[in-house]
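Chain by chain, the residues:
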Amino acid sequence: MPAAAADDPRPKSTATARPSYTTQAPIVMLKDLDSGEILFSRGADKRFAPASMAKVMTAYVVLDLIKKGELARDKQFTVSEATWKKWRGNNGGSTMFLRPGEKVSVDDLLKGLITVSGNDAAAALAVGIDGNEAAFIKRMNAVAAQIGMKSSNFGTPNGWPDGGVTKVSASDLVTLADRLIRDHPAGYARYFSMPKLQHGTSPEGKPIVQANRNPLLGRVLGADGLKTGYTSEAGYCLLGSAKRDGRRLIMVVAGLPSDKARRDEAERLMRWGFGVPLAANDGSTGKKAASGSGRAAP
């Protein structure tokens, strides 16, 4: 029998009983990629602002263009004055410190987009590919619809607050991560687990080195991506994945009050997930579970 949903009061059979998972996070989802089983789900269909997790959609679009032969990794885009002014330094949040007039390859922009969450990198990719951000955003929404992101809409290439235009669901983010890992395994391996990025120079002339912002990397065995997010509207969020003993999990946590709370929740959820037996392997019969059997705290 399928496992009960996180908020399902029905008793579980002894065959499918699993250790419970308790969380205060308002939005949580954990999926076993290969079996398709949802191990835990809370608020998975609620639409919310993804903050910088939107950059995973930008990365998917770019990797798809590369795969189709419509864009080369070594293609260079020139950073426009307008892009630099809009997204420079503290004015535009996280940055890879692009300079006006600088020529940067698609490859380096993808590294800046994912590793250090460069808002300027996202804008430079959008403008370089489609001439302006609006045209690229239209492309993002078309691709999102094609891959089955039914509840999502994008209004920026980087997740910057836009008055509520950009909305996703945890379920859609898991779909996006699933498709990116399956459709672009080489790109995923290349860009999503870099420990740090060196790009640009400080006013003192020293190289600027920034660490990857994904708190799972180096803390959870097998963790290899994807992307953090934070705005005052969205709270602290994370779309993450890890692979261990041939088994890959994808998780979303969102709406947490601090960076530490996000890190601790994500780490605890992943450790719990790898300890949960799959329905197909625990002696039960019938279809794989449609939702997790963990228990969500009120």
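Look up a bit, the structure's there.
Rules of the game
Residues numbered from 1 in each chain as written. Predicted model: local features only at pLDDT ≥ 70, side-chain atom pairs only at ≥ 80, totals over all residues. Heavy atoms only, no water. Helix = DSSP H or I, 4+ residues; strand = E, 2+ residues; numbered from the N terminus. Buried < 20%, exposed > 50% of the residue type's maximum accessible area, 1.4 Å probe, protein only. Contact = heavy atoms within 4.5 Å. Areas by Shrake-Rupley, 256 points an atom, 1.4 Å probe, with all protein chains shown as cover. Polar contact = N/O pair within 3.5 Å; in protein donor to acceptor, adjacent residues only side chain to side chain. Phe/Tyr/Trp six-rings, centres within 6.5 Å; stacked < 30°, edge-to-face > 60°. Lys NZ or Arg CZ within 6 Å of the ring centre and 35° of its normal. 1 Å grid on protein atoms, 1.4 Å probe; cavity = no way out; pocket = protein on both sides within 12 Å on 5 of 7 lines; lining within 4 Å. Points joined across faces, edges and corners; volume = space filled by probe spheres on them. Nonpolar A, V, L, I, M, F, W, Y, C, P; charged D, E, K, R; others polar. Pairing = 2+ DSSP bridges. Axes fitted to C-alpha atoms, helices over the stretch in contact; angles between N-to-C directions. Core = buried A, V, L, I, M, F, W, Y, C linked by side-chain atoms within 4.5 Å. Left-handed = near helix turned anticlockwise from the far one by under 90°.

(A) The overall build of the protein chain, seen in detail. Assigned secondary structure in the protein chain consists of 8 helices and 9 strands. Counting all 298 residues of the protein chain, 57% fall into the buried class. Sequence separation of 24 or more characterises 65% of the internal contacts of the protein chain that already satisfy a separation of 6 or more. Counting only carbon and sulfur atoms, one obtains 51% of the accessible surface of the protein chain, whose full area is about 12,800 Å².

(B) Molecular detail of the side chain of Lys31. Its place among the elements puts Lys31 in strand β1 (residues 27–32). Polar side-chain contacts of Lys31 include one of 3.1 Å to the side chain of Asp178. Once residues lying within four places of it in the same chain are set aside, the contact partners of Lys31 are Gly36, Glu37, Ile38, Leu39, Val174, Asp178, Arg248, Leu249 and Ile250.

(C) Representation of helix α3 (residues 106–115) within the structure. Burial runs high along α3: 9 of the 10 residues are buried. Among all positions of α3, only Val106, Asp107, Leu109, Leu110, Lys111, Gly112, Leu113, Ile114 and Thr115 are buried. The positive-phi residue at the C-terminal boundary of α3 is Ser117, with phi of around 60 degrees.

(D) Quick look at the packing of aromatic side chains. Using the criterion set out here, one finds 6 aromatic pairs in the structure. Seen in terms of ring centroids, Tyr21 and Phe40 are 5.3 Å apart; in terms of plane orientation they differ by 75 degrees. Their pairing is edge-to-face. In this pair, Tyr21 sits in the segment before β1 while Phe40 sits in strand β2 (residues 38–42), placing the two residues 19 residues apart along the sequence. Considered together, Tyr21 and Phe40 belong to a single accessibility category, that of buried residues. Relative to Trp272, the ring of Phe40 has its centre 6.2 Å away and its plane inclined at 85 degrees; by these criteria the two rings are edge-to-face. On the criterion of sequence distance, the pair formed by Phe40 in strand β2 and Trp272 in helix α8 (residues 259–274) is long-range, its members being 232 residues apart. Like Trp272, Phe40 is buried. Within the aromatic cluster, the residues linked to one another by ring pairs are Tyr21, Phe40 and Trp272. For Arg88, the ring lying beneath its charged end belongs to Trp84, and the centroid distance is 4.5 Å.

(E) Quick peek at the environment of Arg99. Inspection of the secondary structure assignment puts Arg99 in the loop between α2 (81–87) and β4 (103–105). Measuring from C-alpha to C-alpha, the distance between Arg99 and Arg88 comes to 8.3 Å, with 11 residues separating the pair along the chain. Each residue touching Arg99, except ones within four places of it in the same chain, is listed here: Val79 and Trp84.

(F) Fine view of the layout of surface pockets. As a volume, the largest pocket reaches approximately 260 Å³. Considering the residues around the largest pocket, the lining is formed by 17 residues, among which Ser52, Ser94, Ser117, Arg213 and Tyr230 are closest to the centre.

(G) Broad picture of empty space enclosed by the protein. For the structure shown, the criterion picks out 1 cavity of 30 Å³ or more. Along the walls of the largest cavity sit Ala49, Pro50, Ala51, Gly159, Trp160, Pro161, Asp162, Gly164, Thr166, Thr231 and Glu233, which together make up its complete lining. Its residues placed into classes, the lining of the largest cavity shows 5 nonpolar, 4 polar and 2 charged.

(H) Quick peek at the sheet that holds β2. Pairing is antiparallel in the open sheet, where 5 strands are placed in the order β2-β1-β9-β8-β7. At either end of the open sheet lies a strand with only one pairing partner, and these are β2 and β7 (223–231). Direction aside, the axes of adjacent strands within the sheet are offset by 5 degrees on average. Here 8 bridges tie strand β8 (residues 235–244) to strand β9 (residues 247–256), and the two strands are oriented antiparallel to one another. Bridging across to β9, Gly240 finds its partner in Met251.

(I) Highlighting the nonpolar core. Ranked by internal contacts, the top residues of the largest apolar core, which has 65 residues, are Met57, Val62, Leu109, Leu110, Phe192 and Leu239. Of all the elements, helix α1 (residues 55–67) adds the most residues to this core, at 9 residues. Beyond its immediate sequence surroundings of up to four residues, Leu109 is in contact with Phe77, Met96, Leu98, Val104, Ala121, Ala124 and Leu125. With 23 residues, the next largest nonpolar core counts Ala25, Met251, Leu256 and Val276 among its residues.

(J) Structural view of the packing of α3 against helix α4 (residues 119–130). Across the interface, α3 lies against α4 with an axial gap of 8 Å and an inter-helix angle of 140 degrees. The element α3 and its partner α4 pack so that their crossing is left-handed. On α4, the residues touching Val106, Leu109, Leu110, Gly112 and Leu113 of α3 are Ala121, Ala122, Ala124 and Leu125. Of the residues assigned to the contact of α3 with α4, the class counts are 8 nonpolar, 1 polar and no charged.

As far as function goes, none of this settles anything; it's purely spatial.
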